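# Inside the fold
This is what each chain is made of:
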Amino acid sequence: MVDEILTIVLDGAIYASWLFIVALGLTFVFGVLKILNIAHGGIYALGAYSTATLVPIFYSLGMPEQLVILAMLVSALAVAIVITPIMERGILRRFYGQDEVLIVLVTYAIYLVLEDVQKLIWGMNSLYVSEPRELLGALEFGSLYYVGYDLALIGLAIFCGLFLWFVLNKTQSGKIVLAVIHNPEISGCMGVNINKVYLAAFFIGAFLAALAGSFTAPLISVQVGISVAVVIESFAVVIIGGLGSIPGAVIGALIIGMARAACVHKLPEAEIFIMYFCMAGMLIFKPKGLFQGAQARKI
Amino acid sequence: MNFFRQCLILISSILISLLTFVGISNADGHKGFKLGVVTFLSGPAAEPFGVPAWNGGKLFIKLLNEGKVPAPYNKKGFGGMKITAIPIDESGGATKQVQEFRNLVQRDKVDAVLGYVSSGDCMAIPSVADELKALTVLYDCGTPRVFEDASYKYVFRTAAHAAMDNIAIAKYLIEKGHDISSIAGINQNYAWGKDSWKDFSVSVKKLSPSSEIKNELFPKIFSGQYGTEISALMNSKAKVVHSSLWGGDLQSFILQAKPRGLFKRTQVVFSAGDHVMPGLGNKYPEGVILGARGQYGMMAPDTALNKWFYKSYMDEYGVFPAQPPYRMVQGLMGLKMAIEKAMEKNGGKKPNKDEIAAAFKGLEFDSPGGLVQMKLGDGHQAIQPHAIGTTAKDKDGNITVTDIVRYKASCVNPPNGIKAVDWINAGFPGADC
């Protein structure tokens, strides 16, 4: 019994960590730019593809195996550096202040374009880059073996969440971002360069999406279509937690991760349904999510 | 007078153009054979199924048109008619595919349609095909229900349905002395996964009534993350884990389960396990029992026709062909044989769809995967020999398939008129093994 509970908690935590890293960028971009970015899934896929491309090159250069994590970070960074000016400066900036539905459609269009970009660059074949997953070996928990890399994802998720919280709450730049989140117009009047803040926020969101893809690549077969499930599940997380809320993303990811793990182990028939059940329940009883505070009405 | 002359010239020009157009159309119609080919060219099913299948089909059509295919397929094209293929992407769901099918038949005026990997599409298309009287060859999809629940005049399936995968695996496990006292399954949550698990678990229970079902998992299709499911399967301590996962889902499952020791702790069987071998290479685990709904790829028979196809595909694409290209080529071979049989009867003219359909019914033809017999569904549904094997490493350390057992088509397929699930439940009466 204890073994089973430990397994459910561990499986749930690993899944929640992965979900949290994906959802963190999505919720942060919404918090700052008020954009529901469906293309987030496309950036995630680009992160996975770039890692699946860069890591074999890294190995072929005979670099020390332990530094492969660095190569994965670089590939995520490269995606964010390339995609941010194209998406934020080139496209999204033209739609700020427009109807939210229109912006969702624009990001959906970008998502479709990114899917085709993946086909153009990498073709239809699957890419495999499972080597980094072997780096940390396997650990025994109860009667089961867990891969060290999967457990390290929990650490990565905690680091990403704490780092973003620290930057936002304890640094001057973070406080400027918070001011822009609260009221962009007054922040602008006070001399804040809103465009710069938007660009930086989008960059962070894109980097987190690419980072999630990059660290997921060793677990999966990287191929066209991997982003579909990611978009749906990360939306579920932010709906439960509240759009734009980092603590909300933590709780949302944990709820879905734990509920899913419990279902797979104890009630497999409900596994496919549980995420939507949590989401529907939240929409009925707290439509703005767990951590969406009261908002001042502007006159 | 001048006006009258101008009108005359204009009318003559229109008439000449129309006559030329009709002439060209007729000439083209008699000389060529227009074939709509529908398979996944985008989305998650493209890389493992649609693209390799179309690669095989494209190559085979090219070689047929050049007359470079060995006997009995050495006549150019289809009965001397050059084949022009119109490839269509199968992604988008059944509603879209019905529209695409109508476009192919009514707008593009194809002579036949060959296609469909998805069982959902295979359930949606046949009634429309009969309504439009359009000759249709289903080349891949696995659901037994197409001809078990209905009958069609112009629709044929040139591949065996999926029941034989799971019946043969159950037989193989017993013949090879594996412990099947407890079983568990991980299959996708839709018709394919559910039917596969039902066929397998019922077959096992019939062959070994004391066998116990420990766990039945049905994750959603294309979920990609299986960490929790792997824990649940390992916790269940089942002696055999069955899966009909395919494509990216199967690849991801293998990559995630291998380092956690699932393949060492339990006997894993993949009912559709061969098609990811070219991509995964040596990442594919040893000791896995696998099938491929036929004798394909590494389990293909040692015949001249297979050697020719295997080598042609390897030379063209640099990887060995797994089940998808074999199955599309099988469909093309069946269609070619039916057309040429119809032409023998009508004096060598281009046959119409009724003549081809009549020739197709009950047809038998050789394929790289062995003899295909259109024996079920009143001559519209194929049966074929099957092979099951176990993965192992060869002396060079490369993954290969050994310990292959071949099953006669009549051993692992129900007789005509009996539903697969009823046949399994009845204990395989009349199975000719």
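Residues numbered from 1 in each chain as written. Chains lettered and ligands numbered in written order. Predicted model: local features only at pLDDT ≥ 70, side-chain atom pairs only at ≥ 80, totals over all residues.

## Points about the overall build of chain A
- Counting its secondary structure elements, chain A contains eleven helices and two strands.
- In sequence order, the secondary structure elements of chain A are arranged as α-α-α-α-β-β-α-α-α-α-α-α-α.
- A compact globule built from 299 residues should have a C-alpha radius of gyration of about 19 Å, and chain A, at 19 Å, falls within 12% of that.
- Projected onto the principal axes, the alpha-carbon positions of chain A cover approximately 60 × 50 × 35 Å.
- Residues counted as buried form 49% of the 299 residues belonging to chain A. (Helix = DSSP H or I, 4+ residues; strand = E, 2+ residues; numbered from the N terminus. Rg over C-alpha atoms; globule rule 2.2 N^0.38 Å. Buried ≥ 20, exposed ≤ 12 C-beta atoms within 10 Å, placed from the backbone.)

## Quick look at the nonpolar core
- If you look at the biggest cluster of nonpolar residues, it comprises 226 residues, and the most contacted ones within it are A:Leu19, A:Phe20, A:Ile21, A:Ala23, A:Ala201, A:Ala210 and A:Ala253.
- With 19 residues, helix α1 (residues 2-33) of chain A is the largest single contributor of residues to this core.
- For this core, the domains that each give at least three residues are domain 1 (28-161 + 308-383) and domain 2 (163-301 + 385-425) of chain B.
- Not counting residues up to four positions away in its chain, the partners in contact with A:Ala23 are A:Ser234, A:Val237, A:Val238, A:Ala249, A:Gly252 and A:Ala253. (Core = buried A, V, L, I, M, F, W, Y, C linked by C-beta atoms within 7 Å. Domains from an automatic or database assignment. Contact = placed C-beta atoms within 7 Å.)

## Considering the sheet that holds strand β6 (residues 182-186) of chain B
Residues and elements named next belong to chain B.
- Reading across from one edge, β7-β6-β8-β9-β10-β14-β15 is the order of the seven strands in this open sheet, with mixed pairing throughout. Whereas interior strands pair on both sides, the edge strands pair on one side only; in this sheet they are β7 (212-217) and β15 (399-407). Taking the axes of each pair of neighbouring strands and ignoring which way they run, one obtains an average angle of 20° across the sheet. (Pairing = 2+ DSSP bridges. Axes fitted to C-alpha atoms, helices over the stretch in contact; angles between N-to-C directions.)

## Thoughts on the environment of A:Met258
Residues and elements named next belong to chain A.
- Within the secondary structure, Met 258 is located in helix α10 (residues 246-266).
- On a C-alpha basis, the gap between Met 258 and Ala 39 in space is 27 Å, while along the polypeptide they are 219 residues apart.
- Setting aside residues up to four positions removed in sequence, Met 258 forms contacts with Gly 12 and Ala 16.

## Regarding the pairing of β6(B)
All names here are of chain B.
- Burial analysis of β6 places four of its five residues in the buried class, which makes it a mostly covered element.
- Bridge analysis of β6 against β7 gives five bridges, and the strand direction is parallel. Bridge pairing in β7 places Gly 185 opposite Glu 216.
- Running through helix α7 (residues 191-207), the crossover from β6 to the neighbouring parallel element β7 is right-handed.
- Note: β6 against strand β8 (residues 240-243), four bridges, orientation parallel. When the sheet's bridge partners are listed, Ile 186 is paired in β8 with Ser 243. (Right-handed = clockwise from strand over helix to strand, strands pointing away.)

## Section: the interface of chain B and chain A
- Between chain B and chain A, the residue contacts involve 34 residues of the former and 33 residues of the latter.
- Residue assignment for the side of chain B that touches chain A shows that the elements contributing at least two residues are α2 (46-66), β7, α8 (227-236), α9 (247-257) and α11 (277-280) of chain B.
- In terms of residues, the side of chain B that touches chain A owes the most to one element, α8(B), which gives seven residues.
- Residues belonging to the side of chain B that touches chain A are distributed by class as follows: twelve nonpolar, 16 polar and six charged. (Nonpolar A, V, L, I, M, F, W, Y, C, P; charged D, E, K, R; others polar.)

## A look at the domain arrangement of chain B
All names here are of chain B.
- Taken as a whole, chain B is organised into domain 1 (28-161 + 308-383) and domain 2 (163-301 + 385-425).
- Inter-centroid distance (C-alpha atoms) of domain 1 to domain 2 is 27 Å.
- Each partner contributes residues to the interface: domain 1 has 29 residues there, and domain 2 has 28 residues.
- Looking at the side of domain 1 that touches domain 2, the elements that each hand over two or more residues are α2, α13 (323-345) and β12 (370-376).

## Quick notes on the packing of helix α5 (residues 148-170) of chain A against helix α6 (residues 172-182) of chain A
Residue and element names in this part refer to chain A.
- Taken N-terminus to C-terminus, the directions of α5 and α6 make an angle of 80°; their axes are 5 Å apart at the nearest point. Compared by their axis directions, α5 and α6 come out roughly perpendicular. Counting all contacts with α5, which are made through Val 167, Leu 168, Asn 169 and Lys 170, the residues of α6 involved are Ser 173, Gly 174, Val 177 and Leu 178. (Parallel < 35°, antiparallel > 145°, perpendicular 65-115°, else oblique.)

## Things to note about helix α4 (residues 100-122) of chain A
All names here are of chain A.
- A rise of 1.5 Å per residue sets the reference length of α4, with its 23 residues, at 33 Å; its end C-alpha atoms lie 33 Å apart and thus fit the reference within 8%.
- Those residues of α4 that fall on the buried side of the exposure criterion are Ile 103, Val 106, Thr 107, Ile 110, Tyr 111, Glu 115 and Gln 118.
- Close packing links the buried residues of α4 with α2 (40-60) and α3 (68-91). (Expected span 1.5 Å × (residues − 1).)

## Considerations on helix α3 (residues 94-107) of chain B
All names here are of chain B.
- For α3, which comprises 14 residues, the first-to-last C-alpha distance of 19 Å matches the rise-based estimate of 20 Å (1.5 Å per residue) to within 8%.
- Among the residues making up α3, those that are buried are Gln 97, Glu 100, Phe 101, Leu 104 and Val 105. One side of α3 holds all its buried residues, which, seen down the axis, span an arc of 130°. In α3, the exposed positions angled more than 90 degrees off the buried face are occupied by Thr 95, Gln 99, Gln 106 and Arg 107.
- Residues of α3 that are buried in the fold lie against β1 (32-39), β2 (82-89), β3 (112-115) and α4 (119-132). (Arc of directions from axis to C-beta.)

## As for unusual backbone geometry
Residue and element names in this part refer to chain B.
- For the bond from Ala 71 to Pro 72, the omega torsion is 5°, close enough to zero to count as cis.
- By the secondary structure assignment, Pro 72 is in the loop between α2 and β2.
- Phi angles above zero are rare outside glycine, and Tyr 116 is one such case at about 85°.
- You can see Tyr 116 is positioned in the loop between β3 and α4.
- The exposure class of Tyr 116 is buried, given the 29 C-beta atoms found within 10 Å.
- For Arg 293, which is not a glycine, the phi torsion comes out positive at approximately 45°.
- By the element assignment, Arg 293 lies in the loop between β10 (289-291) and α12 (304-317).
- Take Arg 293: there are 27 C-beta atoms within 10 Å of it, and that puts it in the buried class.

## Digging into the environment of A:Leu33
Residue and element names in this part refer to chain A.
- Inspection of the secondary structure assignment puts Leu 33 in helix α1.
- On the basis of neighbour counts, which here come to 24 C-beta atoms within 10 Å, the residue Leu 33 falls in the buried class.
- With 148 residues separating them along the chain, Leu 33 and Ile 181 place their C-alpha atoms 7.8 Å apart.
- Ignoring anything within four residues of it in the chain, the contact list for Leu 33 reads Tyr 198, Ala 201 and Phe 202.

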